[in-house]
Amino acid sequence: MNYFKDFVENTDHRKLCKWIHYFEVYERELSHLRDKDISFLEIGVYKGGSIPMWKGFFKKASNLIFIDIEESCSALQENGTNVLIGDQSDETFLSKVIQDYGPFDVVIDDGSHLCSHQIISFEKLWPALTDNGIYIVEDTHSSYWPGFGGGYRNESSFIEYSKRLVDKMHSWWTDQDDVFPYDPFGQKINGVRFYDSMVVLTKRADRERPIEIEVANGKIAASRNAFELRGRKSIFK
Ligand SMILES: C[S@@+](CC[C@H](N)C(=O)[O-])C[C@H]1O[C@@H](n2cnc3c(N)ncnc32)[C@H](O)[C@@H]1O
C-alpha cells in the first residue's frame, strides 16, 4: 500500500503543501519506522495538512511535535500532537523544545526555507537526534535562490553546507590533516542523501571506522589497514 497516495486522495479541509516527489522519498526513508512509537518533529505547520498525515503514518503512541512561527497555527493542534509556536532560528526556543520533547527520531525542516535558518536548526537539533535518527531538510532548491541566502555555489547555502557535511563524514579517511583535519562531528553522520529539493541525513552514534574484508574460499580476512596506509598514524589511538 502506498500510504501517502491514499492519504492525499482522502484529505480534508486542512491544506497540505508538499512537492509530489517527496512522498516517494518519505516511503523510502521512513517506512521502516511506521510500526514504531517514535518521536517526531516537523518545522512548518502552515494550514495543518501534514499533521493528520504524520499522525496516520506513525504509530498511535508516537510523540508528534510541530513548530511554526505563526500564532494562528496553535489552533491546528489535535489529540496526540503538540503545536509549538516559535522561530526555528531562535536557539533558545529550540533548546526548550529539545528539553521538553526531545530527543527525536525524525526531524523534518519544512519551515522558512532560508538557508541560514536551515543551518541554525540543523546545528541545534542534530545533537538531539537519536541514534539511527533521520533529519530531512525540504525545499533545498532555496539554496539556489539569492533571496533565501542561496545562489549557485554560495558557501552560505544549505546545499553547500551539506556538501561540507559529506566531507566531514569522510574526514577519518583524511591524509591531509593540514587542510582537511579529522572532525569528530562527522563520525555520527552515517549518510547524506541528496534528492531534488531534499537533503536526508542519517545518524549513527556508534559508527566505527570501516572494516575492509578480503574473502576467498569462505575465509574472511578483516582489517583496518587502509587507515594506516602511507605511514599515517591512526587518529583513533
Ligand atoms: C511550507 S509551509 C509548511 C507546510 C507544511 N509542513 C505542510 O506540509 O503542509 C512553511 C511554514 O513555515 C512557517 N515558518 C516560516 N518561517 C518560520 C520560522 N522562522 N520558524 C518557524 N516556522 C516558520 C510558516 O509560517 C509556514 O507555515
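Above this note sits the structure.
All values reported here derive from a predicted model rather than from experimental measurement.

Procedures and definitions
Residues numbered from 1 in each chain as written. Predicted model: local features only at pLDDT ≥ 70, side-chain atom pairs only at ≥ 80, totals over all residues. Heavy atoms only, no water. Helix = DSSP H or I, 4+ residues; strand = E, 2+ residues; numbered from the N terminus. Buried < 20%, exposed > 50% of the residue type's maximum accessible area, 1.4 Å probe, protein only. Contact = heavy atoms within 4.5 Å. Areas by Shrake-Rupley, 256 points an atom, 1.4 Å probe, with all protein chains shown as cover. Lys, Arg positive; Asp, Glu negative; His and termini not counted. Charge placed at Lys NZ, Arg CZ, Asp CG, Glu CD. Core = buried A, V, L, I, M, F, W, Y, C linked by side-chain atoms within 4.5 Å. Polar contact = N/O pair within 3.5 Å; in protein donor to acceptor, adjacent residues only side chain to side chain. Near = heavy atom within 4 Å. Nonpolar A, V, L, I, M, F, W, Y, C, P; charged D, E, K, R; others polar. Axes fitted to C-alpha atoms, helices over the stretch in contact; angles between N-to-C directions. Phe/Tyr/Trp six-rings, centres within 6.5 Å; stacked < 30°, edge-to-face > 60°. Pairing = 2+ DSSP bridges.

## A word on the overall build of the protein chain
Next, step 1: For the protein chain, the count of helices and strands is six helices and nine strands.
Next, step 2: Viewed in the frame of its principal axes, the protein chain has a C-alpha envelope of about 65 × 45 × 35 Å.
Next, step 3: The 237 residues of the protein chain split such that 43% are buried.
Next, step 4: Sequence separation of 24 or more characterises 62% of the internal contacts of the protein chain that already satisfy a separation of 6 or more.
Next, step 5: For the protein chain, the accessible surface area stands at approximately 12700 Å², while carbon and sulfur atoms represent 52% of it.
Next, step 6: Where the 29 positive side-chain charges of the protein chain centre and where its 37 negative ones centre are 5 Å apart.

## Brief notes about unusual backbone geometry
Next, step 1: The omega torsion of the bond from Gly102 to Pro103 falls at -5 degrees, within 30 degrees of zero and hence cis.
Next, step 2: Along the polypeptide, Pro103 turns up in the loop between helix 4 (91-101) and strand 4 (104-109).
Next, step 3: Notably, Asn217 is not glycine yet its phi reads approximately 50 degrees, a positive angle.
Next, step 4: With respect to the element layout, Asn217 can be found in the loop between strand 8 (212-216) and strand 9 (219-223).

## As for the nonpolar core
Next, step 1: If you look at the biggest cluster of nonpolar residues, it comprises 28 residues, and the most contacted ones within it are Tyr26, Leu30, Phe40, Trp54 and Phe58.
Next, step 2: With five residues, the top contributor of residues to this core is helix 2 (residues 22-30).
Next, step 3: Apart from residues lying up to four places away in sequence, Phe58 is in contact with Leu30, Leu33, Arg34, Ile38, Phe40 and Leu64.
Next, step 4: Of all hydrophobic cores here, the second largest spans 26 residues; its members include Leu41, Phe93, Phe158 and Val199.

## With respect to the side chain of Asp110
Next, step 1: Within the secondary structure, Asp110 sits in the loop between strand 4 and helix 5 (115-125).
Next, step 2: Within the structure, the side chain of Asp110 is placed 3.0 Å from the side chain of Lys18, a separation counted as a polar contact.
Next, step 3: Side chain to side chain, Asp110 and His113 meet in a polar contact 3.3 Å long.
Next, step 4: Each residue touching Asp110, except ones within four places of it in the same chain, is listed here: Cys17, Lys18, Glu42, Ile43, Gly44, Glu138 and Asp139.

## Quick look at the site of the ligand
Next, step 1: Around the ligand lies a shell of 19 residues, among which Gly44, Asp68, Asp87, Gln88 and Asp110 are the nearest.
Next, step 2: A distance of 3.4 Å is found between an oxygen atom of the ligand and a side-chain nitrogen or oxygen belonging to Lys18.
Next, step 3: Alone, the ligand offers 600 Å² of accessible surface; in the complex the protein occludes 87% of this.
Next, step 4: In terms of residue class, the shell around the ligand is built from five nonpolar, eight polar and six charged.

## Concerning the packing of helix 5 against helix 6 (residues 158-169)
Next, step 1: For the pair helix 5 and helix 6, interaxial distance at closest approach is 9 Å and the crossing angle is 35 degrees. Here helix 5 contributes Cys115, Gln118, Ile119, Phe122 and Glu123 to the contact with helix 6, which in turn contributes Phe158, Tyr161 and Leu165.
Next, step 2: Of the residues belonging to the contact of helix 5 with helix 6, the class tally is six nonpolar, one polar and one charged.

## A look at the packing of aromatic side chains
Next, step 1: All chains considered together, the criterion is met by 23 aromatic pairs.
Next, step 2: Pairing Phe23 with Tyr26 gives two aromatic rings, centres 6.1 Å apart and planes at 70 degrees, and the pair type is edge-to-face. Taken together, the residues span about one helical turn, with Phe23 and Tyr26 both in helix 2 at a distance of three residues.
Next, step 3: Residue Phe23 is classed as buried on the basis of its relative accessible area of 12%.
Next, step 4: Overall, the relative accessible area of 0% leaves Tyr26 in the buried class.

## Concerning the environment of Ile98
Next, step 1: Structurally, Ile98 can be placed in helix 4.
Next, step 2: Using a relative accessible area of 22% as the deciding quantity, one classes Ile98 as partly exposed.
Next, step 3: Once residues lying within four places of it in the same chain are set aside, the contact partners of Ile98 are Phe104, Lys124, Leu125 and Ala128.

## Focus: the sheet that holds strand 7 (residues 198-203)
In a beta sheet, neighbouring strands pair by backbone hydrogen bonds and run either parallel or antiparallel.
Next, step 1: In spatial order, the strands read 3-2-1-4-5-7-6; together these seven strands make up an open sheet with mixed pairing. In this open sheet, the two strands that pair with only one neighbour each are strand 3 (81-85) and strand 6 (189-195). The mean inter-strand angle of the sheet, taken between neighbouring strand axes irrespective of direction, is 15 degrees.
Next, step 2: Lying over the sheet, helix 3 (residues 50-57) contacts strand 1 (39-43), strand 2 (63-68), strand 3 and strand 4, oriented at roughly 160 degrees with respect to strand 2.

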